[in-house]
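Close look at the chain arrangement
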Amino acid sequence: RNPCGAIAVLNLLALAGLDEHFSAIWAIPDKDASPAAAGVATGVSRGADGSWQCFDTPVGALHDHKADILHHIVSGPAPWFPHGGEAIPKLCPASVVLVDDERTSFASDGPDRAKVLRYCKVARYDEHYRDCGPLNQMGGLGAHSDLDFDVLRAFVQRPWEFPDDPGALG
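Now for a quick tour of the structure.

Cut-offs used in this document
Residues numbered from 1 in each chain as written. Predicted model: local features only at pLDDT ≥ 70, side-chain atom pairs only at ≥ 80, totals over all residues. Heavy atoms only, no water. 1 Å grid on protein atoms, 1.4 Å probe; cavity = no way out; pocket = protein on both sides within 12 Å on 5 of 7 lines; lining within 4 Å. Points joined across faces, edges and corners; volume = space filled by probe spheres on them. Helix = DSSP H or I, 4+ residues; strand = E, 2+ residues; numbered from the N terminus. Nonpolar A, V, L, I, M, F, W, Y, C, P; charged D, E, K, R; others polar. Phe/Tyr/Trp six-rings, centres within 6.5 Å; stacked < 30°, edge-to-face > 60°. Buried < 20%, exposed > 50% of the residue type's maximum accessible area, 1.4 Å probe, protein only. Lys NZ or Arg CZ within 6 Å of the ring centre and 35° of its normal.

So, about the layout of surface pockets. The volume enclosed by the largest pocket comes to roughly 1,800 Å³. Considering the residues around the largest pocket, the lining is formed by 42 residues, among which Leu13, Phe22, Val97, Leu98 and Val99 are closest to the centre. Elements with a contribution of two residues or more to the lining of the largest pocket: helix H1 (6–15), strand S1 (24–26), helix H3 (66–75), strand S4 (97–100) and helix H4 (147–157). Of all the elements, H3 adds the most residues to the lining of the largest pocket, at five residues. Of the residues assigned to the lining of the largest pocket, the class counts are 29 nonpolar, seven polar and six charged.

With that out of the way, let us pick up the packing of aromatic side chains. Counting across every chain of the model gives four aromatic pairs. Taken together, a centroid distance of 5.5 Å and an interplanar angle of 80 degrees make the contact between tryptophan 26 and tryptophan 80 edge-to-face. Of this pair, tryptophan 26 sits in strand S1 while tryptophan 80 sits in the loop between H3 and S4; the two residues are 54 residues apart in sequence, bridging distant segments of the chain. Overall, the relative accessible area of 1% leaves tryptophan 80 in the buried class. Grouped by ring-pair contacts, the aromatic residues Trp26, Trp80 and Phe81 constitute a single cluster. The cationic tip of arginine 118 hangs over the ring face of phenylalanine 155; the distance from NZ or CZ to the ring centre is 5.7 Å.

Written as structure tokens, this is what we have:
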């Protein structure tokens, strides 16, 4: 969720030099906020010339849960990829991977009970951090090692090599 919309997410990715790896970025507004009323774009898409353009996603018409939104994207990607969504090959729920640090993001409480079939739960931890002292709920991909990205890539490419039991990974 990002109350500042997709442009804020794009700006963070651009600062890290990661925006070049994306063709579309979406932000789910806070439940209590109305991004359309506030003028905050829920999507940005890279055009053929490489420039980013804002657009409104259909997120406001959906149940407010990531699993429901991903199922909507899979069933019809064109409104989520305005610069080429019609060219995306047919997707199925198992072709999407959600990376999140909230366990509740993987199964919806909505009427359709949508589930994310492939996901990576990112761990959080507490630690003394630099001059800040003890901080809790830290974490994220790459928090301890860049090897996290290699492991995630391997999971996306070869999920059968990863056990269902997270404790089995050590």
